[in-house]
Amino acid sequence: MTMLLKSAVGLWSHTSPCILSLGAVRLSSTKSHQTGTMNVITEKHGAIITIGINRPDARNAVNPDTACQLVKAFDQFEKDPSLTAAVLHGLGGNFCAGFDLKELANNTTSLKLEQDVTKGPGPMGPSRMQFSKPVIAAVSGYCVAGGLELSLLADLRVVENSATFGVFCRRFGVPLIDGGTVRLPQLIGLSRALDLILTGRPISAQEAYTFGLANRVVPDGQGLQHAIELAKQISAFPQLCMRSDRASAYYSTFDATSFTDALQFEFDHGAEVLAEESVRGASRFAAGEGRKAKF
């Protein structure tokens with residue numbers, strides 16, 4: 001599975017320095033397995049890690065220091081073999097209101113951009129990263145502008161009923177440079193993506209669900225809980241097979257040069273799983289497990 005994992009990791013080296021940082025980031029740990037600094041808080045729930053943006057007074061808008069901390073948190077997730085899935089969320093009632101425009105207005109030198117997308121993180125932090133394991137976004141409140149782009153980093157979005165999506169940065173001449181124009185059309189189709197990108201209008205959780213942007217809509221206050229439970233369900237499956245199928249879906253969507261190329265990638269990586277997991281799975285099925293579509 002080495003080839004599979006290499007194909008799924010980030011565009012830029014996870015060991016690269018975070019050029020967005022305004023200072024050193026200190027990660028500490030406690031007996032409760034809670035780690036992080038003020039702006040980003042991570043917590044382990046067994047094999048699941050939650051990554052929380054913790055700037056509630058700014059509706060979790062991301063400044064350069066927060067962006068760097070998010071990169072470090074996701075890097076920790078990707079490199080830790082004991083972790084099977086990550087849940088990205090915002091603390092204090094909002095997912096993320098985008099990049100911190102107040103900080104940018106007051107300090108135009110605070111945003112140091114790496115133009116080559118293969119050499120460094122995006123302005124929002126992990127937006128250029130790709131992962132070999134599932135990421136789920138638990139969306140509450142505002143998920144707009146760069147925050148919307150961060151939510152697109154996830155494989156699935158569990159959305160609270162009162163949440164709001166939108167390209168709100170349209171009003172201020174701030175472009176989508178954290179993957180929004182790349183991922184959104186692939187997720188919901190070009191026509192609907194352009195509806196959001198051109199107008200900047202807000203859409204509700206229900207409309208987001210209709211668009212396919214939201215995968216689950218849950219009651220307010222329950223997004224994180226439902227996202228963690230979903231992550232645990234996914235983590236209970238045979239992992240090599242699940243990750244192989246996931247990697248193939250991403251490859252066929254973003255990287256394949258042709259239909260044949262996509263089919264070849266799917267077969268080559270799926271074949272690696274057969275001996276490692278499929279034979280055992282077939283034996284469990286033959287013994288009676290999983291009949292009548294029981295999970």
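Each remark here, short or long, concerns the structure printed above.
Since the structure is predicted, the reported quantities are computational estimates derived from the model, not experimental observations.

Moving on to the nonpolar core. Counting residues in hydrophobic clusters, the biggest one holds 47 residues, and the most contacted among them are F74, L150, F165 and L213. Only β3 (48-53), α2 (64-79), β4 (85-90), β5 (135-139), α4 (146-152), α5 (180-188), α6 (190-199) and α7 (205-211) provide two or more residues apiece to this core. When residues in this core are grouped by element, the largest group, 6 residues, is from α2.

Right, let's talk about the environment of T210 for a bit. Among the structural elements, T210 can be located in helix α7. T210 sits in the exposed class, given a relative accessible area of 53%. In the structure, T210 is positioned 22 residues away from I188 in sequence and 9.5 Å away in space, judged by C-alpha atoms.

With that out of the way, let us pick up the sheet that holds strand β6 (residues 142-144). Strand order in the open sheet formed by 3 strands is β6-β8-β9, and the pairing between neighbours is mixed. Strands at the two margins of the open sheet, each flanked by one partner only, are β6 and β9 (203-204).

The next thing to look at is the pairing of β3. Remark: a regular strand shows side chains that alternate across the two faces of the sheet. For β3, a buried count of 6 out of 6 residues is recorded, marking the element as mostly surrounded by other parts of the structure. Of the two faces of β3, the one carrying I48, T50 and G52 and the one carrying I49, I51 and I53 are both buried. With 6 bridges joining them, strand β2 (residues 40-45) and β3 adopt antiparallel strand pairing. Across the sheet, V40 pairs through a bridge with I53, a residue of β3.

This brings us to α2. End to end, α2 covers 23 Å across 16 residues, agreeing with the expected 22 Å (1.5 Å per residue, within 8%). By the criterion of burial, α2 is predominantly enclosed, with 13 of the 16 residues buried.

Counting across every chain of the model gives 5 aromatic pairs. Each ring, one from Y142 and one from F168, has its centre 6.2 Å from the other, and the planes form 65°; the classification is edge-to-face. Here F168 lies in the loop between β8 (164-166) and α5 and Y142 lies in strand β6, a separation of 26 residues in the sequence. With a relative accessible area of 17%, F168 lands in the buried category. Counting every residue linked through ring pairs, the aromatic cluster contains F74, F77 and F131. Its end group placed over the ring of F77, K133 keeps NZ or CZ at 4.5 Å from the ring centre.

Time to look at the pattern of salt bridges. For the structure shown, the criterion picks out 7 salt bridges. The residue R246 makes a salt bridge to D155 at a minimum N-O spacing of 3.2 Å. With R246 in helix α9 (residues 239-255) and D155 in the loop between α4 and β7 (156-160), this residue pair connects regions lying 91 residues apart in the sequence. The buried category is assigned to R246, whose relative accessible area is 13%. Residue classification places D155 among the buried positions, given a relative accessible area of 19%. Here R201 ties to D195 by a salt bridge, and the two come within 3.0 Å at their closest N and O atoms. We classify R201 as partly exposed; its relative accessible area is 25%. On the basis of relative accessible area, D195 is assigned to the partly exposed category, the value being 26%. Each member of the salt-bridge network shares a partner with another, and the members are D195, R201 and E207.

Another point: the packing of α5 against α6. Close contact between α5 and α6 brings their axes to 7 Å; oriented N to C, the two are set at 135°. As the angle between them shows, α5 and α6 are arranged oblique. The two elements α5 and α6 meet at a crossing, and its hand is right-handed. Of α6, the residues touching α5 (which contributes T181, L184, P185 and I188) are L190, R192, A193, L196 and I197.

Where α5 is concerned, the buried positions are G180, R183, L184, P185 and I188. Against α4, α6, α7 and α9 lie the buried residues of α5. Looking at the residues trailing α5, positive phi occurs at G189, about 95°.

Counting through the fold element by element, E149 comes out in helix α4. An unpaired buried charge is present at E149: no salt bridge exists, and R183, the closest side chain of opposite charge, is 7.2 Å distant. Of note is the side chain of E149, whose polar atom sits 2.8 Å from the backbone nitrogen of G180. The residues contacting E149, other than those within four sequence positions of it, are L176, I177, D178, G179 and G180.

The rules we used
- Residues numbered from 1 in each chain as written.
- Predicted model: local features only at pLDDT ≥ 70, side-chain atom pairs only at ≥ 80, totals over all residues.
- Heavy atoms only, no water.
- Core = buried A, V, L, I, M, F, W, Y, C linked by side-chain atoms within 4.5 Å.
- Buried < 20%, exposed > 50% of the residue type's maximum accessible area, 1.4 Å probe, protein only.
- Helix = DSSP H or I, 4+ residues; strand = E, 2+ residues; numbered from the N terminus.
- Pairing = 2+ DSSP bridges.
- Expected span 1.5 Å × (residues − 1).
- Phe/Tyr/Trp six-rings, centres within 6.5 Å; stacked < 30°, edge-to-face > 60°.
- Lys NZ or Arg CZ within 6 Å of the ring centre and 35° of its normal.
- Salt bridge = Lys/Arg side-chain N within 4 Å of Asp/Glu carboxyl O.
- Axes fitted to C-alpha atoms, helices over the stretch in contact; angles between N-to-C directions.
- Parallel < 35°, antiparallel > 145°, perpendicular 65-115°, else oblique.
- Left-handed = near helix turned anticlockwise from the far one by under 90°.
- Contact = heavy atoms within 4.5 Å.
- Lys, Arg positive; Asp, Glu negative; His and termini not counted.
- Polar contact = N/O pair within 3.5 Å; in protein donor to acceptor, adjacent residues only side chain to side chain.

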